[in-house]
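Residues per chain, in single letters:
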2 protein chains.
Amino acid sequence: MIKVVLLGSGNVAYHLAKAFEQTKDIDFVQQYRRNSKNDKLFNESIPKTNSLENLAKADIYIIAINDDQILEFSKKLKLREGLVVHTSGSVPMDTLKCKCHKGVFYPLQTFSMVQQIDYMNIPICLETEYVEDMPLLKHFAEAISKNIYEVNSNQREKLHIAAVFANNFSNYMFKIAKDICEENHCSFDILKPLIQETVNKIQDISPEEAQTGPAKRKDKKIIDKHLSQLSGDQKKIYKLISKSISKSYQ
Amino acid sequence: MIKVVLLGSGNVAYHLAKAFEQTKDIDFVQQYRRNSKNDKLFNESIPKTNSLENLAKADIYIIAINDDQILEFSKKLKLREGLVVHTSGSVPMDTLKCKCHKGVFYPLQTFSMVQQIDYMNIPICLETEYVEDMPLLKHFAEAISKNIYEVNSNQREKLHIAAVFANNFSNYMFKIAKDICEENHCSFDILKPLIQETVNKIQDISPEEAQTGPAKRKDKKIIDKHLSQLSGDQKKIYKLISKSISKSYQ
């Protein structure tokens, strides 16, 4: 069994803790968190501490805290043994300033407290400072997910940018669609099967092949008609994306 | 049984024909198409014609052709009886210039020949010129779908704009994400569970609530770092959407 200490109590830590509970290959020995605010969300049988001096001995220490706190936090870790990994998509591995071996364990998923997710399907991107640490980290990751990828810091940063488009920006397109529906007294539910099908499609064919719509067809009449009915950010976004789609299908 | 004549042989006609075959409430009496190019895709037992003079007698005539041909095509219809509907999201009902009763039967979905879809889940937006025609059109629609909405021409046009955001533009976000992956020798497959979860989320919570990412957090450091690694349209789109997200979470 791989012994792990989890450092953090936010979204990412919460779902990791849930995943640890579902496997017999991981011994979740301790949780560090600054304060007990979220303690009720975590299994009470797991020992908790708010002191970095009192960290238990473990094979892997997972830092699941805000990106911009990782550097300073890692400086405070006095560990001499064990592999210390962070869980961030956008923070390079060498931001970790502790003395022990370093790595990254980046679950590429959107997390919120309200949604239950199946960790087994979450892609986990791994990186280690030393090649010899990879088998341990991989073995650990495989206990909770079946999608494991070795990804270096540069690739991970690019993946994070890609994820902003794939998740944050596509969700914002849904948000604008919902706003337009509501402004016109239509239920957003009418669009949900379309959104589902948009995603189903790209399981089998590439987004290039799946593209449809007036911009792809270069249907200027419809595009202009739509633009005349939009204003503000909605109009700017419609214009820019349509132009870009038309360009890429030239 | 409601007798129907289908006019067209493209994507929309193809999936409608498939749906007609799966219900006993619809009598698919004839298909009109300009030429026999796509005949092999359609059930050969359905009588076909390429002459508008020879249209069979039916309760409903469904025009499933390109938006910009609907007006001229409808002028050529010499029907005196039956309800004539088009299937377009962006064409007003009164674009139909035939002498008989008019209506709209707009299946709000993205269609392609390669994907099989379950018509029962497709929302269908209905409109009729005369109130008394609505029960027939509704009864007909209910034979192939369980999501029926009455939507007027103005609402339908707005829904179509919303659908461009929800489908075309979100798909383009996936396309950009894939481009970034490939430029950096990462598999787009890494992002697919994230995309799936993005859509799962909005089945239960609104896109506003589901929004995450640097723009929502107003994380200027990450946004600038991402922008410094993008160029061209990718950069312009990242900038504009991030700005809009940040603004809407003020």
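Computed from a prediction, not measured in an experiment: that's the story for all the values here.

### Here's the deal with the overall build of chain A
Then, number 1: A tally of regular secondary structure across chain A gives 9 helices and 8 strands.
Then, number 2: Viewed in the frame of its principal axes, chain A has a C-alpha envelope of about 65 × 40 × 35 Å.
Then, number 3: Relative to its 250 residues, chain A shows a buried fraction of 60%.
Then, number 4: Counting contacts in chain A only where the partners sit at least 6 residues apart, residues at least 24 apart contribute 55% of the total.
Then, number 5: Per element, the accessible surface of chain A, about 11000 Å² overall, is 47% carbon and sulfur.
Then, number 6: Placing the 35 positive and 31 negative side-chain charges of chain A at their respective mean positions leaves the two points 6 Å apart.

### Here's the deal with helix α8 (residues 220–228) of chain A
Then, number 1: Within the sequence span of α8 of chain A, burial applies to Ile222, Ile223, His226 and Leu227 of chain A. Seen along its axis, α8 of chain A keeps its buried residues to an arc of 135°; they face one direction. Along α8 of chain A, exposed side chains directed more than 90 degrees from the buried face belong to Lys220, Lys221 and Ser228 of chain A.
Then, number 2: Among the structural elements, α7 (214–217) and α9 (232–248) of chain A together with α4 (153–183) of chain B are those in contact with the buried residues of α8 of chain A.

### Considerations on the packing of aromatic side chains
Residue and element names in this part refer to chain A.
Then, number 1: Across all of its chains, the model carries 16 aromatic pairs over all chains by this definition.
Then, number 2: Relative to Phe169, the ring of Phe165 has its centre 5.0 Å away and its plane inclined at 80°; by these criteria the two rings are edge-to-face. Taken as a pair, Phe165 and Phe169 lie in helix α4 (residues 153–183) at a separation of 4 residues, close to a single helical turn. As far as burial versus exposure is concerned, Phe165 and Phe169 are alike and both buried.
Then, number 3: Members of the aromatic cluster, connected to one another through ring pairs, are Phe20, Phe28, Phe105 and Phe140.

### Some details on the relation of the copies chain A and chain B
Then, number 1: The two copies are related by a screw motion: chain A maps onto chain B through a turn of 180° and a shift of 0.0 Å along the axis, at an RMSD of 0.0 Å. The transformation relating the two chain copies, once decomposed into turn and shift, fits a two-fold axis. Judged by C-alpha distance, Ser170 of chain A is the residue of chain A that lies nearest the rotation axis, at 2.2 Å.
Then, number 2: In this assembly, 100% of the residues forming the interface of chain A have copies in chain B that are likewise at the interface, indicating an isologous arrangement.

### Observations concerning the domain arrangement of chain A
All names here are of chain A.
Then, number 1: Split by domain assignment, chain A resolves into domain 1 (2–151) and domain 2 (157–248).
Then, number 2: Taking only C-alpha atoms, the centre of domain 1 and the centre of domain 2 are 36 Å apart.
Then, number 3: Taking both partners together, domain 1 and domain 2 bury about 450 Å²; carbon and sulfur atoms supply 67% of that area.
Then, number 4: Of all residues in domain 1, the largest losses of buried area upon contact with domain 2 belong to Ser90, Tyr106 and Leu108, amounting jointly to 56% of the total for that side.
Then, number 5: Our enumeration of links across domain 1 and domain 2 arrives at 0 salt bridges.
Then, number 6: Run the count over domain 1 and domain 2 and you get 0 residue pairs in polar contact (both at pLDDT 80 or more).
Then, number 7: A class-by-class count of the residues in the side of domain 1 that touches domain 2 yields 4 nonpolar, 3 polar and no charged.

Each value, and the rule that gives it
- Residues numbered from 1 in each chain as written.
- Chains lettered and ligands numbered in written order.
- Predicted model: local features only at pLDDT ≥ 70, side-chain atom pairs only at ≥ 80, totals over all residues.
- Heavy atoms only, no water.
- Helix = DSSP H or I, 4+ residues; strand = E, 2+ residues; numbered from the N terminus.
- Buried < 20%, exposed > 50% of the residue type's maximum accessible area, 1.4 Å probe, protein only.
- Contact = heavy atoms within 4.5 Å.
- Areas by Shrake-Rupley, 256 points an atom, 1.4 Å probe, with all protein chains shown as cover.
- Lys, Arg positive; Asp, Glu negative; His and termini not counted.
- Charge placed at Lys NZ, Arg CZ, Asp CG, Glu CD.
- Arc of directions from axis to C-beta.
- Phe/Tyr/Trp six-rings, centres within 6.5 Å; stacked < 30°, edge-to-face > 60°.
- Least-squares fit on C-alpha atoms with pLDDT ≥ 70 in both.
- Domains from an automatic or database assignment.
- Buried area = accessible area lost by both parts, 1.4 Å probe.
- Salt bridge = Lys/Arg side-chain N within 4 Å of Asp/Glu carboxyl O.
- Polar contact = N/O pair within 3.5 Å; in protein donor to acceptor, adjacent residues only side chain to side chain.
- Nonpolar A, V, L, I, M, F, W, Y, C, P; charged D, E, K, R; others polar.

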